[in-house]
Amino acid sequence: MNEFGKHWEKVQERIQAACRRANRDPREIGVVAVTKYSDVEDTARLLDLGLTHVGENKVQDAVPKWKVLGDRGTWHFIGHMQRNKVKEIIGRFQYLHSLDRLSLAQEIDRRVRQKEAEPLSCFLQVNVSGEESKFGISPKELEEFAKEVANYSTIEVAGLMTMAPIVENPEEVRPIFRELKRLQKQLQRLDQTRLRVPHLSMGMSQDFDIAIEEGATWVRLGSVLVGGGKRGR
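Definitions and limits used
Residues numbered from 1 in each chain as written. Predicted model: local features only at pLDDT ≥ 70, side-chain atom pairs only at ≥ 80, totals over all residues. Heavy atoms only, no water. Buried < 20%, exposed > 50% of the residue type's maximum accessible area, 1.4 Å probe, protein only. Helix = DSSP H or I, 4+ residues; strand = E, 2+ residues; numbered from the N terminus. Arc of directions from axis to C-beta. Contact = heavy atoms within 4.5 Å. Core = buried A, V, L, I, M, F, W, Y, C linked by side-chain atoms within 4.5 Å. Polar contact = N/O pair within 3.5 Å; in protein donor to acceptor, adjacent residues only side chain to side chain. pLDDT = per-residue confidence, 0-100. Expected span 1.5 Å × (residues − 1). Pairing = 2+ DSSP bridges. Phe/Tyr/Trp six-rings, centres within 6.5 Å; stacked < 30°, edge-to-face > 60°. Right-handed = clockwise from strand over helix to strand, strands pointing away. Salt bridge = Lys/Arg side-chain N within 4 Å of Asp/Glu carboxyl O. 1 Å grid on protein atoms, 1.4 Å probe; cavity = no way out; pocket = protein on both sides within 12 Å on 5 of 7 lines; lining within 4 Å. Points joined across faces, edges and corners; volume = space filled by probe spheres on them. Nonpolar A, V, L, I, M, F, W, Y, C, P; charged D, E, K, R; others polar.

Participant: I would appreciate a short explanation of helix H6 (residues 142-149) in the present structure.
Facilitator: Looking at H6, one finds that the buried residues are Leu-142, Phe-145, Ala-146 and Val-149. Buried residues of H6 fall within an arc of 100° about the axis and therefore sit on the same side. Looking at the buried positions of H6, the neighbouring elements they touch are strand E4 (95-99), helix H5 (102-115), strand E5 (120-125), strand E6 (155-161) and helix H7 (174-188).

Participant: Would you take a moment to explain the nonpolar core for this structure?
Facilitator: One recurring pattern in soluble globular proteins: nonpolar side chains tend to sit buried together. In this structure, Ile-89, Leu-96, Leu-99, Ile-108, Leu-124, Leu-160 and Leu-225 are the most contacted members of the largest nonpolar core, which totals 66 residues. With six residues, helix H1 (residues 3-22) is the single largest residue contributor to this core. Apart from residues lying up to four places away in sequence, Leu-160 is in contact with Phe-123, Leu-124, Leu-142, Leu-180, Leu-183, Gln-184, Leu-187, Val-197, His-199, Leu-200 and Ser-201. The next biggest cluster of nonpolar side chains, apart from the first, holds six residues, and it includes Tyr-95, Ala-158, Met-161 and Trp-218.

Participant: For this particular structure, what's the right way to read the side chain of Thr-217?
Facilitator: Looking at where Thr-217 falls in the secondary structure, it is placed in the loop between helix H8 (208-213) and strand E8 (218-221). When its relative accessible area of 12% is taken as the criterion, Thr-217 is described as buried. Here the side chain of Thr-217 touches His-199 through a polar contact of 3.0 Å, side chain to side chain. In contact with Thr-217, other than residues within four places in its own chain, are Arg-24, Glu-28, Ile-29, Gly-30, Pro-198, His-199 and Leu-200.

Participant: Can you help me understand the confidence of the model for the protein in this one?
Facilitator: Close inspection of predicted coordinates is inappropriate in any region flagged by low pLDDT. On average, residues of the protein carry a pLDDT of 95, and 97% of them reach 70 or more. The low-confidence segment residues 229-233 (pLDDT under 50) makes 22 contacts with residues lying over four places distant or belonging to another chain.

Participant: Hey, could you run me through H5 in this one?
Facilitator: For the α-helix, the turn length of 3.6 residues means that residues three or four positions removed from each other point alike. In this model, H5 (14 residues) spans 20 Å end to end at C-alpha, consistent with the 20 Å of a helix rising 1.5 Å per residue. Next to the buried residues of H5 lie helix H4 (86-89), E4, E5, H6 and E6. Residue Glu-116 follows H5 closely and has a positive phi angle near 50°.

Participant: Quick question: what am I supposed to make of the pairing of strand E1 (residues 30-34) here?
Facilitator: Looking along a regular strand, one sees side chains alternate from face to face of the sheet. Across the five residues that make up E1, a large majority, five, are buried. Residues Gly-30, Val-32 and Val-34 point to one face of E1 and Val-31 and Ala-33 to the other, with burial holding for every one of them. Sheet topology places E1 next to E8; four bridges connect them, and they run parallel. Its bridge partner being in E8, Val-31 is matched across the sheet by Val-219. Pairing of E1 with strand E2 (residues 53-56), which is carried by two bridges, proceeds in the parallel orientation. When the bridges of E2 are listed, Ala-33 appears paired with Val-54.

Participant: What is the right way to look at the packing of aromatic side chains in this model?
Facilitator: Pairs of aromatic rings are described using the distance from one ring centre to the other and the angle between the two planes. Across all of its chains, the model carries four aromatic pairs by this definition. Between Trp-75 and Phe-93, the ring centres sit 5.9 Å apart and the planes meet at 80°, which makes this aromatic pair edge-to-face. Residue Trp-75 is found in strand E3 (residues 74-77), and its partner Phe-93 is found in the loop between H4 and E4; the two are separated by 18 residues along the sequence. Comparing Trp-75 with Phe-93, the two get one shared label, buried. By the ring-pair criterion, three or more aromatic residues cluster together here, those being Trp-75, Phe-77 and Phe-93.

Participant: Honestly, the pairing of E3 in this entry has me stumped. Any pointers?
Facilitator: Where E2 lies against E3, four bridges are found, and the strand directions are parallel. Bridge pairing in E3 links Gly-55 to His-76. Viewed along the sheet, the connection from E2 through helix H3 (residues 59-69) into E3 turns out right-handed.

Participant: Would you take a moment to explain the pattern of salt bridges for this structure?
Facilitator: Opposite charge on two side chains allows them to pair when their charged atoms are near. Overall, the coordinates contain 21 salt bridges when judged by the stated rule. The partner of Glu-28 in a salt bridge is Arg-24, and the shortest N-O contact between them spans 3.0 Å. When its relative accessible area of 17% is taken as the criterion, Arg-24 is described as buried. Here Arg-178 ties to Glu-214 by a salt bridge, and the two come within 2.8 Å at their closest N and O atoms.

Participant: Even after reading the chapter, I still don't get empty space enclosed by the protein, so can you show me in this structure?
Facilitator: Using a probe with the size of a water molecule, rolled over the atoms, empty space left in the structure can be pinpointed. Inspection of every chain in the model, using the stated rule, returns one cavity of 30 Å³ or more. Taken as a whole, the largest cavity holds about 30 Å³ of empty space. The wall of the largest cavity is formed by Pro-165, Ile-166, Val-167, Pro-170, Val-173, Gln-206 and Asp-207. Across the lining of the largest cavity, the residue classes break down as five nonpolar, one polar and one charged.

Spelled out as C-alpha cells, the structure:
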C-alpha cells in the first residue's frame, strides 16, 4: 500500500471512531480530498483510492487538473470565488462551498443560463467565528441571504459551510461547529422546499473529528491525506 493509502486508512478509522462517539452512520460522511497542493499525478492517486470528491481552491490550478482528470470524479470548488472566475467552474464543478454574497449568486445564475448547464450545488458560507480574515456572511444575515439565493433556480442550496480558527486544542472550535448546526436547523424550520439545507461542510485536517461529532456531512481534508505541513489543512 502506498503512503496515500495508509493515510486514507487512518482517516477512515478516525471517521468511524467519531461516528461511534456521536452515534452516527459513517456512510453519512462525505470526504472532499483537498488537492490544492497536489499535482495531477498525486490527485490521480487519490482518485485511485476511491476518493472521488476532489476539492480545489484556485481556478488557475484547478482547471488544468480538471482537463486531465475531470471525468474521474466530482469536483468541489472550496476557495473564495471571484465573480470573474465563475465562468471557469460552470460545467466543470458540481459544488461550490463558498457562496457568500448576492452578486456572486447573480453571476452564477447568469453563467449557468448562458451555458445551459446543470444547476450548481452551493454551500452558503457563514463566518461563524467572526474573524475578519475569513469570508462568509454573518449568522444574523443568513436567513435573509438564504431566502434570496433560493429564488435562483440555477442554484441548489446544498447546505452551509464554515471554517474554524486554527487553534492548538481542537476542542476550542466545537462551539463553531455546533453553531452552524443550529443555523441549519433554523433554516429548516422555515419549511421551504428550496431551503432543505441537508448538508454541513465543516471540519478540516486538524478538527474534522470534532466537526463530525457536531453534525458535519462533508469534511474537507488535505494534509491528513497527502501529508506535509504546508500541504493544506
